[in-house]
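Given next are the chains, with one letter for each unit.
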Amino acid sequence: MKKIHNPKSAPKAIGPYSIANEYNNLIFLSGQLPVDMETGEMVKNDVEKETLIILTNIKNILEELGSSMDKVLKTTVYLKNMDDFTKMNEIYGKFFTENHPSRSAFQVAKLPKDSDVEIEVIAIK
């Protein structure tokens, strides 16, 4: 059975979608933007800081839902500029140190709120 989650540790949705859906012990997180949860402001123009904020938010969301970063099966990373891949990857590697999840990374023309990076994940509970 599908279960909808709108975790307190997640930035508010900016459209008609759920932050997270759970189905058969799988958690599907919508793409996360670099929203600083302390200020509520979105960080821009610093891919490393954006990636750090996004992955910290994802970590907090997963933990609130009974999962963790080591239970992430798949990530999808969207970058405004693929030249930022190395910077993003350096921060990303600090969150996934063993048993790395599968990953796709794409350069896209534009992201919501003009973000430089967005990341979505699928994890087990």
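For the structure, check the block above.
Since we're looking at a predicted model, the values are computed, not measured. (Residues numbered from 1 in each chain as written. Predicted model: local features only at pLDDT ≥ 70, side-chain atom pairs only at ≥ 80, totals over all residues. Heavy atoms only, no water.)

Attention now moves to the pairing of strand β2 (residues 20-23). In β2, alternate side chains face the same way, and those of Ala20 and Glu22 are buried while those of Asn21 and Tyr23 on the opposite face are not. Pairing of strand β1 (residues 3-5) with β2 involves 3 bridges; the strand directions are antiparallel. By the bridge assignment, His5 is partnered in β2 with Ala20. Pairing of β2 with strand β3 (residues 26-32) involves 4 bridges; the strand directions are antiparallel. The partner of Asn21 across the bridge, within β3, is Phe28. Hairpin connection between β2 and β3: a loop of 2 residues separates the two successive antiparallel strands, and Asn24 in this loop has a positive phi of roughly 45°. (Buried < 20%, exposed > 50% of the residue type's maximum accessible area, 1.4 Å probe, protein only. Helix = DSSP H or I, 4+ residues; strand = E, 2+ residues; numbered from the N terminus. Pairing = 2+ DSSP bridges.)

Most often, soluble globular proteins keep nonpolar side chains buried together rather than apart. Within the largest apolar cluster, 25 residues are counted, with the highest numbers of intra-cluster contacts made by Leu29, Leu55, Ile58, Leu62, Met69 and Ile119. Every element with two or more residues in this core is listed here: β3, α1 (47-64), β4 (72-79), α2 (85-95) and β6 (117-124). Here this core gets 6 residues from one element, more than from any other, and that element is α1. Once residues lying within four places of it in the same chain are set aside, the contact partners of Leu62 are Ile27, Leu29, Ser67, Ser68, Met69, Val72 and Ala123. (Core = buried A, V, L, I, M, F, W, Y, C linked by side-chain atoms within 4.5 Å. Contact = heavy atoms within 4.5 Å.)

Looking now at the side chain of Thr75. Mapped onto the elements of the fold, Thr75 is located in strand β4. Among the polar contacts made by the side chain of Thr75, one reaches the side chain of Tyr92 at a distance of 2.8 Å. Contacts of Thr75, omitting those with residues within four sequence positions, involve Tyr92, Phe96, Pro101, Ser102, Arg103, Ser104, Glu120 and Val121. (Polar contact = N/O pair within 3.5 Å; in protein donor to acceptor, adjacent residues only side chain to side chain.)

Taken as a whole and judged by the stated rule, the model has 5 salt bridges. A salt bridge links Lys125 to Glu22; its shortest N-O distance comes to 3.4 Å. On the criterion of sequence distance, the pair formed by Lys125 in the segment after β6 and Glu22 in strand β2 is long-range, its members being 103 residues apart. By relative accessible area, which is 10% here, Glu22 ends up buried. Put simply, Asp114 and Lys80 hold a salt bridge, and the shortest N to O gap is 3.2 Å. In this pair, Asp114 is assigned in the loop between β5 (102-107) and β6 and Lys80 in the loop between β4 and α2, connecting sequence segments 34 residues apart. Using a relative accessible area of 26% as the deciding quantity, one classes Lys80 as partly exposed. Each of the salt bridges in this network shares a partner with another, and the network as a whole consists of Lys80, Lys110, Asp114 and Asp116. (Salt bridge = Lys/Arg side-chain N within 4 Å of Asp/Glu carboxyl O.)

Fair warning: the whole summary comes from geometry, so function is off the table for now.
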